Amino acid sequence: MTRAKRKAEHLQYALKTGQSRLTGFDDITFVHQSLPDCSVEQIQLSTKIGELDLSSPIFINAMTGGGGEATYQINRKLAIVAQEANVPIALGSQMSALKDSSEIRTYKIVRDENKEGIVFANLGSEATVDQAKAATDMLEANALQIHLNTIQELTMPEGDRSFVDALVRIEAIVKSLEMPVIVKEVGFGMSMETVRKLHSIGVQAVDVGGFGGTNFAKIENARRKKLLSFFNDWGIPTAVSIIEAKEAFPDLSIVGSGGVQHSLDTIKAIALGACATGLAGKVLKTLVDDGVESLIEEIQEMKDELKLMMTALGAKSLPELQKIPVIISGKTHHWLNERGIDTKKFSQR
């Protein structure tokens, strides 16, 4: 099977499998503030990923590219949305374009349609420094995502079977590029141990890509004759992963993604320690079902809702939001306590 056909299949199966809502966000509850001493006009949504300034904590996360005309059209529409909604956009893996120049157009269209916006390039951990430079040059990118997708590759019939020296390759890229490098999971979450390893080589931003959103094990199993069903429930829920990452290094830029579907998920992710949230599956579904204008409206509504909730909590900025007490219950509470993380510091801050 060609890479382009596989990318097209991924889109089809992503829409078909949907999202499980097992992110852990339902275990997070804000402590209500009856005297917030705040107004909607005072709310500031601006944030940073490393040294990169964002107008809000919402961006369109990596989805696709390299799948011929179908992915070209999706990326074109997503770029229009990103420009009109004033949010960053991340591309899917550009390895297709590096191996087949005819696929470059399916990625470059994002920069063509979004000339002044923030664009993230994307490659896997197998990439070399030269490939990283080529990928970022292709898009005139503002940052590079390096994705980690071990479980997807192992489940994929034609996927990689060796992940030796991935950390060494990532370190070489971090030291060679003069832009933020965001190391990103693709739906199975990051542990504090992983984050410590990444921090040790100079990584300043991670996207936890937690369990509970689009499930690439299920997508790849749908393409297999003999299922590896044990991978379908594999991973660290998004809420847990954000906290583990923040616990490992409080000053690290943590992006919360993996099943983020609405403003309440976003505000909870920020309260737990994320600086931004990436949306992919939800964005793709709205785009396909309802079109460009509806997606632009939906993103703007999310921003407005964030301001309303932050006003209710008396948090005028995202750093202030991270000081608002939250109660952690259920499986998330159990997981964190088993991992030696005291949840009371969230409820009594």
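Remember, predicted model here, so these are calculated numbers, not experimental data. Positions within a chain are numbered from 1, following the residues in the order the chain's sequence is written. The predicted nature of this model means local features are confined to residues of pLDDT at least 70 and side-chain atom pairs, given and counted, to a pLDDT of 80 or more, with totals for whole chains, interfaces and linings taken over all residues. Computation of side-chain values covers all heavy atoms of the structure but excludes hydrogens and water.

1. Brief notes about the overall build of the protein
Okay, step 1: Assigned secondary structure in the protein consists of 16 helices and 12 strands.
Okay, step 2: Its C-alpha atoms give the protein a radius of gyration of 19 Å, near enough to 20 Å, the size a compact globule of 349 residues would have.
Okay, step 3: Viewed in the frame of its principal axes, the protein has a C-alpha envelope of about 60 × 40 × 40 Å.
Okay, step 4: Out of the 349 residues belonging to the protein, those deemed buried represent 55%.
Okay, step 5: Taking the contacts inside the protein whose residues are at least 6 apart along the sequence as the reference set, 75% of them involve residues at least 24 apart.
Okay, step 6: Working convention for charge: Lys and Arg count positive, Asp and Glu count negative, and His plus the chain ends are omitted. Throughout, a charge is located at the NZ atom of Lys, the CZ atom of Arg, the CG atom of Asp or the CD atom of Glu. Positive and negative side-chain charges of the protein, numbering 39 and 44 respectively, have mean locations separated by a distance of 5 Å. By definition, any uninterrupted DSSP run of H or I lasting at least four residues is a helix, any uninterrupted run of E lasting at least two residues is a strand, and each is numbered from the N terminus. Radius of gyration here is computed from C-alpha atoms only, and the compact-globule reference equals 2.2 Å multiplied by the residue count raised to the power 0.38. Summary of the burial criterion: residues with accessible area below 20% of their type's maximum are buried, those above 50% are exposed, and those between are partly exposed, where the area comes from a 1.4 Å probe applied to protein chains only. What makes two residues a contact is simply this: any of their non-hydrogen atoms within 4.5 Å.

2. Points about a negative patch on the surface
Okay, step 1: On the surface, a cluster of negative charge is contributed by Glu84, Glu293, Glu297, Glu301, Asp304 and Glu305.
Okay, step 2: Considering every element that reaches the negative patch, the biggest residue donor is helix H13 (residues 292-313), with 5 residues.
Okay, step 3: Take Glu293: it is sitting in helix H13.
Okay, step 4: Glu293 gets classed as exposed once you look at its relative accessible area, which sits at 60%. What goes into a patch is any residue over 30% in relative accessible area without a salt bridge, connected to like charges within 9 Å or, for nonpolar side chains (Val, Leu, Ile, Met, Phe, Trp, Tyr), within 5 Å. Per-residue and other accessible areas were derived by the Shrake-Rupley procedure at a 1.4 Å probe size, with only the shown protein chains allowed to occlude residues. The rule for a salt bridge is simple: a side-chain nitrogen of Lys or Arg has to be within 4 Å of a carboxyl oxygen of Asp or Glu.

3. Looking at the packing of aromatic side chains
Okay, step 1: Only the six-membered ring of Trp is used, alongside the rings of Phe and Tyr, when aromatic pairs are assigned; centres must lie within 6.5 Å, and planes under 30 degrees apart are stacked while those over 60 apart are edge-to-face, with the rest tilted. Taken as a whole and assessed by the stated rule, the structure comprises 3 aromatic pairs.
Okay, step 2: Aromatic side chains Phe59 and Phe120 sit 5.5 Å apart centroid to centroid with 65 degrees between the ring planes, which places their arrangement in the edge-to-face category. One end of the pair, Phe59, is in strand S4 (residues 58-60); the other, Phe120, is in strand S6 (residues 119-124), with 61 residues separating them in the sequence.
Okay, step 3: Measuring from centroid to centroid gives 5.1 Å for Phe231 and Trp234, while their planes differ by 70 degrees, and the two rings are edge-to-face.
Okay, step 4: We note Arg105 situated over the ring of Tyr72; from NZ or CZ to the ring centre the distance is 4.1 Å. The criterion for a charge sitting over a ring is simple: Lys NZ or Arg CZ within 6 Å of the ring centre, and within 35 degrees of the ring normal.

4. Considering the pairing of S6
Okay, step 1: Of all 6 residues in S6, 6 are buried; the element is thus mostly enclosed.
Okay, step 2: Residues Val119, Ala121 and Leu123 line one face of S6 and the alternating positions Phe120, Asn122 and Gly124 line the opposite face, and both faces are buried.
Okay, step 3: Summarising the sheet, S6 and strand S7 (residues 143-148) pair through 5 bridges and their orientation is parallel. Paired with Phe120 across the strands is Ala143, a residue of S7.
Okay, step 4: Classification remark: right-handed applies to a crossover when, strands pointing away from the viewer, the course from the first strand over the helix to the second runs clockwise. Running through helix H5 (residues 129-139), the crossover from S6 to the neighbouring parallel element S7 is right-handed. Any two strands with at least two DSSP-identified bridges between them are counted as paired.

5. Points about the UniProt feature "binding site: FMN" (unreviewed entry) in the protein
Okay, step 1: UniProt positions are given in the numbering used here, feature names are shortened, and annotations may be inferred rather than shown by experiment. With numbering aligned to this structure, UniProt lists the feature "binding site: FMN" (unreviewed entry) at Ala62, Met63, Thr64, Ser93, Asn122, Lys184, Thr214, Gly258, Gly259, Ala280 and Gly281.
Okay, step 2: As for its position among the elements, Ala62 is in the loop between S4 and helix H2 (69-85).
Okay, step 3: Excluding residues within four positions of it along the chain, Ala62 makes contact with Ala90, Leu91, Gly92, Asn122, Gln145, Lys184 and Ala280.

6. So, the side chain of Asn122
Okay, step 1: Looking at the secondary structure, you find Asn122 in strand S6.
Okay, step 2: Side-chain polar atoms of Asn122 contact the backbone oxygen of Leu91, separated by 3.1 Å. Pairs of N or O atoms within 3.5 Å make up the polar contacts considered here, provided that, within protein, one atom can donate a hydrogen while the other can accept it, and that residues adjacent in sequence are counted only when both atoms are side-chain atoms.

7. Details of the nonpolar core
Okay, step 1: Among buried residues, those of type Ala, Val, Leu, Ile, Met, Phe, Trp, Tyr and Cys that are joined through side-chain atoms within 4.5 Å constitute a nonpolar core. Ranked by internal contacts, the top residues of the largest apolar core, which has 86 residues, are Ile170, Leu272 and Leu321.
Okay, step 2: Counting residues per element, this core draws most heavily on H13, at 8 residues.
Okay, step 3: Residues contacting Leu321, with those up to four places away along its chain left out, are Phe30, Ile267, Ile270, Ala271, Met310, Leu313, Ala315 and Arg349.
Okay, step 4: Counting 14 residues, the second largest nonpolar core, distinct from the first, contains Ala90, Ile118, Ile182 and Ala276.

8. Notes on unusual backbone geometry
Okay, step 1: Of note, the phi angle at Asn86 is positive, near 55 degrees, even though the residue is not glycine.
Okay, step 2: In this structure, Asn86 sits in the loop between H2 and strand S5 (89-90).
Okay, step 3: Residues other than glycine seldom take positive phi values, yet Glu140 does so here, at roughly 50 degrees.
Okay, step 4: With respect to the helices and strands, the residue Glu140 is situated in the loop between H5 and S7.

9. Observations regarding the UniProt feature "binding site: Mg(2+)" (unreviewed entry) in the protein
Okay, step 1: When the UniProt feature table is mapped onto this chain, "binding site: Mg(2+)" (unreviewed entry) is found at Glu153.
Okay, step 2: With respect to the helices and strands, the residue Glu153 is situated in helix H6 (residues 150-155).

10. Some points on the packing of helix H8 (residues 192-200) against helix H10 (residues 238-248)
Okay, step 1: Orientation is described by lines fitted to C-alpha atoms, with helices fitted over the stretch in contact, and by angles between N-to-C directions that extend from 0 to 180 degrees. In the contact formed by H8 and H10, the axes pass within 8 Å of each other and the chain directions differ by 45 degrees. One way to sum up the angle between H8 and H10 is to call them oblique. Between H8 and H10 lies a crossing whose hand is right-handed. Along its contact with H8, which presents Met192, Glu193, Val195 and Arg196, the element H10 presents Glu244, Ala245 and Ala248.
Okay, step 2: Each residue belonging to the contact of H8 with H10 can be placed in one class, and the counts come to 4 nonpolar, no polar and 3 charged. Throughout this description, any angle smaller than 35 degrees is read as roughly parallel, any larger than 145 degrees as roughly antiparallel, any in the 65 to 115 degree range as roughly perpendicular, and the remainder as oblique. Should the near helix be turned anticlockwise from the far one by less than a right angle, the crossing is left-handed, and should it be turned clockwise, the crossing is right-handed. In this classification, the charged set is Asp, Glu, Lys and Arg, the nonpolar set is Ala, Val, Leu, Ile, Met, Phe, Trp, Tyr, Cys and Pro, and all remaining amino acids, among them Gly, are polar.

11. Let's talk about the environment of Gly273
Okay, step 1: Along the chain, Gly273 falls in the loop between helix H11 (263-272) and strand S11 (276-279).
Okay, step 2: On the basis of relative accessible area, Gly273 is assigned to the buried category, the value being 6%.
Okay, step 3: Between the alpha carbons of Gly273 and Leu22 there is a distance of 19 Å; along the sequence they are 251 residues apart.
Okay, step 4: Discounting chain neighbours no more than four positions away, the residues touching Gly273 are Ile242, Lys246, Ile254 and Gln322.

12. A few points about the pairing of strand S10 (residues 253-257)
Okay, step 1: Judged by how many residues are buried, S10 sits mostly within the fold: 5 of 5 residues are covered.
Okay, step 2: Neither face of S10 is open: one carries Ser253, Val255 and Ser257, the other Ile254 and Gly256, and all of them are buried.
Okay, step 3: Sheet topology places strand S9 (residues 205-207) next to S10; 3 bridges connect them, and they run parallel. What sits directly across from Val206, in S10, is Ile254.
Okay, step 4: Relative to S11, S10 is paired through 3 bridges, and the arrangement is parallel. The residue of S11 that forms the bridge with Gly256 is Thr277.
Okay, step 5: Between S10 and its parallel partner S11, the chain crosses via H11, and the hand of that crossover is right-handed.

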